[in-house]
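Spelled out, the chains give:
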Amino acid sequence: MTFDFYLIIESLPEIFGGIGLTLQLLFLSAFLGLMLAVIFLLMRISGRWYLSIPAFIYIYIFRGTPILIQIFVIYYGLPQFEWIRESVLWSVLREPFGCSVIALSLNTGAYMAEILRGGVLGVDKGLHEAGAALGLSARDRFLYITTPIAVRLAIPAYSNDVISLLKATALASTVTLLDVTGVARTIVAQTFAPYEIFLSAAIIYLALTWLIQRGFRLFEKHMSRYVQQ
Amino acid sequence: MSDLTGWWDDYFWSALVILKVFAVSLVMTVILGLIGATAKLSKSKIANILANMYTVVFRGTPELLVLLIFYFGSAITLTAIAKSVNPSIQFLDIPPFWAGALGISLVVGSYATETFRGAFLGVDPGHIEAGRSLGLSNLQTLLYIRIPQMWRLALPSFGNHMLSLMKDTALISVIGLEEIVFTAQMATTVTMKPFTMYFVVALIYLAITTVLTLSVMVLEKYANRHLEGT
């Protein structure tokens, strides 16, 4: 057993080929997840029980179960129902990619909703009152006072969550998708050189994590530019 | 429900398997987290660098990949060693249970390292100095002053790490542990009811994580009992 550097160089282009799919999963799920998160956040803080209770249940279920199981329920589970196989959604649910994106979005949406709620709750009440005193409507107060501050407060937790999402995209390889992990597993099955290949894949994920952290740090700086240090 | 007839006992036993994985990896996570936090806070440069490398690497790599490296990596290493001793051995691996438990503990341990580090820093330095002046050794300060105060501070984050650990146990089915996902797969091939079977798995996990969340809440209340009424 030797560590074969030549094999790493040989298979790197192939593993790099998986980055495209990993990034597609990441960006699509992060975007859809954020949409869901905003909707559920608004439901959660609406103060109406028929909106906040469903949002709470959604968040509770998706945060309380493993993402792998969520992917399996959606990918292997849903075709059990005849009406799903006949619905328009079937063209998405038939594909492992569509199922992975749905599962990842639903999962990350639940986490992000809680993160955003933390941000909203962190906004100083006095600012809100000041807005009311200036005659801003509830909608304007939410848009121009709460949102910019809540976004800034939520960035650190949000960036951690995007990194978790990146790590979760690796699970798409369990439903036959050829993302970075999926490609690596295929190569290992052919060459049986787990160290070389899986470590190369791990380095790619580390580099992506670093980029995400960097990007969010810049964004946070931009959002805090008026905050006195 | 009738689809599940005859499968309840399989689900029960495989739920016990994941609870066993959880228990073992919880202990390992705490140990790894304490070692990591001590290394990060120590004065030794080498310990600092090693601990930082540990947290950066394991917080940035997907859990699944860590498990795959551990299981398949250990398998070819062990097989190579075994072959050099006894050429008739064809294959030798760390059982998926242990490879998996170690893998998820290393990942969650890297998060626990940061939590414990913060909690250690939260203990009033005056208390440690007081211990020193009373003549306590380093170990005694750790056991009687630092840990009794830091666990309370670490509890809220550590509760979340416990939940991640619990949910990560589902991944070990990928490297071949016969646990709850495996039971669902088996039941599916017989009954052709994949949704029902995987949904039960989700419900079992939800039940376990609910119990965990509630226990952490009770523990937190107990830990902060001296603050009540202030």
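Read on for an overview of the structure. Here the residue numbering is sequential within each chain, running from 1 through the sequence in written order. Written order determines the labels here, with chains lettered from A and ligands numbered from 1. At least 70 in pLDDT is required for a residue's local features to be given in this predicted model, at least 80 for side-chain atom pairs to be given and counted, and no such filter applies to totals for whole chains, interfaces and linings, which use all residues.

## Details of the overall build of chain B
Cut-off, in case you're wondering: Put simply, DSSP marks the helices as runs of H or I at least four residues long and the strands as runs of E at least two long, and each gets a number from the N terminus on. Around each residue's C-beta, the other C-beta atoms within 10 Å are counted; 20 or more make the residue buried, 12 or fewer make it exposed, and counts in between make it partly exposed. All C-beta atoms are placed from the backbone.
Of regular secondary structure, chain B possesses 8 helices and 0 strands. The helix and strand sequence of chain B, counted from the amino end, reads α-α-α-α-α-α-α-α. Taking the principal axes of its C-alpha atoms as reference, chain B extends roughly 70 × 55 × 25 Å. In chain B, which comprises 230 residues, the proportion classed as buried is 36%.

## Comments concerning the interface of chain B and chain A
In many reports, interface size means the accessible area that the parts give up when they come together. Worth spelling out the cut-off: By the criterion used throughout, residues are in contact when their C-beta atoms, derived from the backbone, lie within 7 Å. Three classes are used, and their members are as follows: Ala, Val, Leu, Ile, Met, Phe, Trp, Tyr, Cys and Pro are nonpolar, Asp, Glu, Lys and Arg are charged, and the others, Gly among them, are polar.
With 29 residues of chain B in contact, the opposing surface of chain A contributes 31 residues. Looking at the side of chain B that touches chain A, its residues break down into 20 nonpolar, 6 polar and 3 charged.

## Quick notes on the packing of helix H4 (residues 67-77) of chain A against helix H8 (residues 194-223) of chain B
For clarity, the cut-off: As a rule, the C-alpha atoms of each element are fitted with a line to give its axis, helices using only the stretch in contact, and angles between N-to-C directions run from 0 to 180 degrees. Angles are sorted into four bins: roughly parallel if under 35 degrees, roughly antiparallel if over 145, roughly perpendicular if 65 to 115, and oblique for all others. Less than a right angle of anticlockwise turn of the near helix away from the far helix marks a crossing as left-handed, whereas a clockwise turn marks it as right-handed.
Between H4 of chain A and H8 of chain B, the shortest axis-to-axis distance is 8 Å and the interhelical angle comes to 165°. Comparing their axes, H8 of chain B and H4 of chain A come out roughly antiparallel. Where H4 of chain A crosses over H8 of chain B, the handedness of that crossing is left-handed. Contact residues: Ile69, Phe72, Val73, Tyr76 and Gly77 of chain A in H4 of chain A; Pro194, Phe195, Tyr198, Phe199, Val201, Ala202 and Tyr205 of chain B in H8 of chain B. Partitioned by chemical class, the residues of the contact of H4 of chain A with H8 of chain B number 11 nonpolar, 1 polar and no charged.

## Here's the deal with unusual backbone geometry
Residues and elements named next belong to chain A. Positive phi, close to 70°, is recorded for Thr176, a residue that is not glycine. Of note, Thr176 is situated in the loop between helix H9 (138-169) and helix H10 (180-191). Take Thr176: there are 11 C-beta atoms within 10 Å of it, and that puts it in the exposed class. The phi dihedral of Phe192 is positive, around 50°, even though this residue is not glycine. Relative to the helices and strands, Phe192 is located in the loop between H10 and helix H11 (194-223).

## Comments concerning the nonpolar core
Across soluble globular proteins, nonpolar side chains show a tendency to be buried alongside one another. Definition in use: Note on terminology: a nonpolar core is a set of buried residues of type Ala, Val, Leu, Ile, Met, Phe, Trp, Tyr or Cys, with members joined through C-beta atoms within 7 Å.
By size, the foremost hydrophobic cluster in this structure holds 111 residues, and its most contacted members are Ala201 of chain A together with Leu65, Leu67 and Val201 of chain B. Filtering out sequence-adjacent residues up to four positions away, Ala201 of chain A remains in contact with Ile15, Val180, Thr181 and Ala184 of chain A together with Leu65 of chain B.

## Overview of the environment of Phe40 of chain A
Residues and elements named next belong to chain A. Along the chain, Phe40 falls in helix H2 (residues 19-44). Residue classification places Phe40 among the buried positions, given that 25 C-beta atoms sit within 10 Å. Separated by 172 residues in the primary sequence, Phe40 and Ile212 place their C-alpha atoms 25 Å from one another. Contacts of Phe40, omitting those with residues within four sequence positions, involve Ala55, Tyr58, Ile59, Gly109 and Ala113.

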